[in-house]
Amino acid sequence: MDPEQLMNALGSELKTSIRDMAGEEDLDRRVKQSEIVKNLSESMGVFLRLISDVMSADFDGFEEDYDDDYDEYEE
């Protein structure tokens, strides 16, 4: 799945879950909804940290160090 589609789907589901939690009056159901919101938030956090790590990575010299290893896969 495309990462952008995955983030959009998680965001949409998170928004829906927050809305459902806000409308819930039963305490047990509200707790379950809050756990869903927490899990979705943590999932989004994992992807955002990954994106942050990739964007801040230093790729200077990557081709110099690993170019020979990838020549055989370019065919």
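Residues numbered from 1 in each chain as written. Predicted model: local features only at pLDDT ≥ 70, side-chain atom pairs only at ≥ 80, totals over all residues. Heavy atoms only, no water.

A. Just the confidence of the model for the protein, in detail. Chain-level statistics for the protein give a pLDDT mean of 82 and a share of 76% at 70 or above. Ranking the elements of the protein by mean pLDDT puts helix H3 (residues 62-70) last with 58 and helix H1 (residues 3-23) first with 91. (pLDDT = per-residue confidence, 0-100. Helix = DSSP H or I, 4+ residues; strand = E, 2+ residues; numbered from the N terminus.)

B. Structural context of the nonpolar core. Counting 7 residues, the largest nonpolar core is built from Met7, Leu10, Leu14, Met21, Val37, Leu40 and Met44. Among the secondary structure elements, those contributing two or more residues to this core are H1 and helix H2 (27-56). In terms of residue count, the dominant contributor to this core is H1 (4 residues). (Core = buried A, V, L, I, M, F, W, Y, C linked by side-chain atoms within 4.5 Å. Buried < 20%, exposed > 50% of the residue type's maximum accessible area, 1.4 Å probe, protein only.)

C. Inspection of the environment of glutamate 35 at higher detail. Residue position: glutamate 35 is located in helix H2. Sequence-wise, glutamate 35 and methionine 21 are 14 residues apart; in three dimensions their C-alpha atoms are separated by 9.9 Å.

D. Seen up close, the side chain of serine 17. Within the fold, serine 17 resides in helix H1. You can call serine 17 buried: its relative accessible area is 4%. Residue contacts for serine 17: discarding those within four places in its chain leaves Gln33, Ile36, Val37 and Leu40. (Contact = heavy atoms within 4.5 Å.)

E. Local environment of the packing of H1 against H2. At a closest axis distance of 9 Å, the pairing of H1 and H2 adopts a crossing angle of 155°. The angle between the axes of H1 and H2 places the two elements in the roughly antiparallel class. For the pair H1 and H2, the crossing hand works out as left-handed. Side by side, H1 and H2 meet where Leu6, Met7, Leu10, Gly11, Glu13, Leu14, Ser17, Ile18, Asp20, Met21 and Ala22 of the first sit next to Arg30, Gln33, Ser34, Ile36, Val37, Leu40, Ser41, Ser43, Met44, Phe47 and Leu48 of the second. Taken together, the residues of the contact of H1 with H2 break down into 13 nonpolar, 6 polar and 3 charged. (Axes fitted to C-alpha atoms, helices over the stretch in contact; angles between N-to-C directions. Parallel < 35°, antiparallel > 145°, perpendicular 65-115°, else oblique. Left-handed = near helix turned anticlockwise from the far one by under 90°. Nonpolar A, V, L, I, M, F, W, Y, C, P; charged D, E, K, R; others polar.)

F. Spatial organisation of the environment of serine 34. By secondary structure assignment, the location of serine 34 is in helix H2. Judged by its relative accessible area of 31%, serine 34 falls in the partly exposed class. In the structure, serine 34 is positioned 14 residues away from aspartate 20 in sequence and 9.6 Å away in space, judged by C-alpha atoms.

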